Amino acid sequence: LHGISLSGSVMEVVFSQHLADAARAKVVNIDFAGRGHSRYAAADGPHTSALYHAQVLAVVRSDVARRGCAVHLVGLSMGGGIATTFTAAYPHYVRSLAVMAPAGVPFKPPSLAKLLGYGAISVALLSSPLGRAILDSRIAPSYEDAVKHADAVEVMKMSNYFHHRNDAYGFAASFVSSFTYLESLKDATAAIATIGRSGAPTNVTVFWGDDDRTVPYAGTHTWRRLVPHATIVTLRNIGHSLQVERRDEIVARIVEAAVDARRRPLPLLPPTTAATTTATTTTTEAATAAAAAAAAAAARATADVAAMRVAREKAERERAEAERQMAAARDAHDAERAQLLKEAAAVKEQRAAAEASVAALTEQLAAKQHNDDAVEKLTMKLNEAKTEHTTLNNKLTSLHDDLT
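Bear in mind the structure is a predicted one, so any value in this text is a computation, not a measurement. (Residues numbered from 1 in each chain as written. Predicted model: local features only at pLDDT ≥ 70, side-chain atom pairs only at ≥ 80, totals over all residues. Heavy atoms only, no water.)

The subject of this paragraph is the pairing of strand β4 (residues 231-235). By the bridge criterion, 5 bridges tie strand β3 (residues 203-209) to β4 in an arrangement that is parallel. In the strand pairing of β4, T205 is matched with T231. A crossover links β3 with its parallel partner β4, the connecting element being helix α9 (residues 219-226), and its sense is right-handed. (Pairing = 2+ DSSP bridges. Helix = DSSP H or I, 4+ residues; strand = E, 2+ residues; numbered from the N terminus. Right-handed = clockwise from strand over helix to strand, strands pointing away.)

The structure is reproduced here in structure tokens:
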């Protein structure tokens, strides 16, 4: 489960595929509403835990029905908070839980987060090129060595570009709505405590960089206190991009915990009381409503994809026609240039001949200066030759200008 500004596609490139290769298992990445290929509209309702749980539940139930076993749930940042609250609400679906710098432990947000508290104004800001630039500027500082992991930084910047190119408003609205309403992001301590009391799942691993400036490392104290059986893995001198900078270590530990969890039976849940039945029913109703909203969003996404395909085909046809016209114009220009070069060469030859004529007449004039009549005639011929020379020279200059 990805973070607030990422997508399942990004997680697949920088983390999940490595996990799948190491575990030799299927890893499913979810694009939460408004991220990646999942669209979001205001009609879908606010981004509460129920909305996200419905998305996760649809995938998990499908996988459980097909494989007949619970899943190993992994989450990063906001996805870690959602994984936590989902596990607390549906423990029988989760065999092991691994979270990386999980949201959900209350802390004082950074000053930049104040920009997200103005509703429609915040959405408009994040929808703009400035909003994308702000998100881009937050990527590299989350790495201890951004130069070493430049490829991953570029992948995350491309994710921001993808969000803004395809649905800037939907992504921005999702971002702001999540920050405003998502319990899994704001305060998941009750869910953490539920996992600790129930002991379900038995395998819980929490990874955290001790230099995390996005979700502070101090959150580990809450996990240690409320979930005594959790394994807390501290990653020294690592910030919020631990899934990249310490990927191999995290992948190895997740695989190890998953293998260990498969050797143990799922914990027995306490008997259901009337109070818990009511709570479960309420949660189920909320999840059902959220699932319906997610289905409506999926239908809109399908229509959007079809419209985008038609628009792309039209753009490709227009581009092909533009390229054809450019090629024709280029051929016409080349032909005109060749003709101008040919005319310029002919004029050069005529000018050379005129220059030779002027030279010959000058010699004749010098030889016959004693004869006034001959001199006058030769002078007239010389002036005519000079006039012709000037005319040809001007024509050559004009042709050179046209050629240029």
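All right, on to a negative patch on the surface then. A contiguous patch of negative charge on the surface is contributed by E336, E343, D401 and D402. Of all elements in the fold, only α12 (274-367) and α13 (372-403) reach the threshold of two or more residues within the negative patch. On the secondary structure map, D401 appears in helix α13. (Patch = residues over 30% accessible without salt bridge, like charges linked within 9 Å, V, L, I, M, F, W, Y side chains within 5 Å. Areas by Shrake-Rupley, 256 points an atom, 1.4 Å probe, with all protein chains shown as cover. Salt bridge = Lys/Arg side-chain N within 4 Å of Asp/Glu carboxyl O. Lys, Arg positive; Asp, Glu negative; His and termini not counted. Charge placed at Lys NZ, Arg CZ, Asp CG, Glu CD.)

Further remarks concern the pattern of salt bridges. Within the structure shown, the criterion is met by 5 salt bridges. One salt bridge connects R213 with D211, and the closest N-O pair in it is separated by 3.2 Å. Among the ionic pairs, R324 bridges to E321, the shortest N-O distance being 2.7 Å. Here R324 and its partner E321 are both found in helix α12, 3 residues apart, which amounts to about one turn of the helix. Each member of the salt-bridge network shares a partner with another, and the members are R246, E249 and R253.

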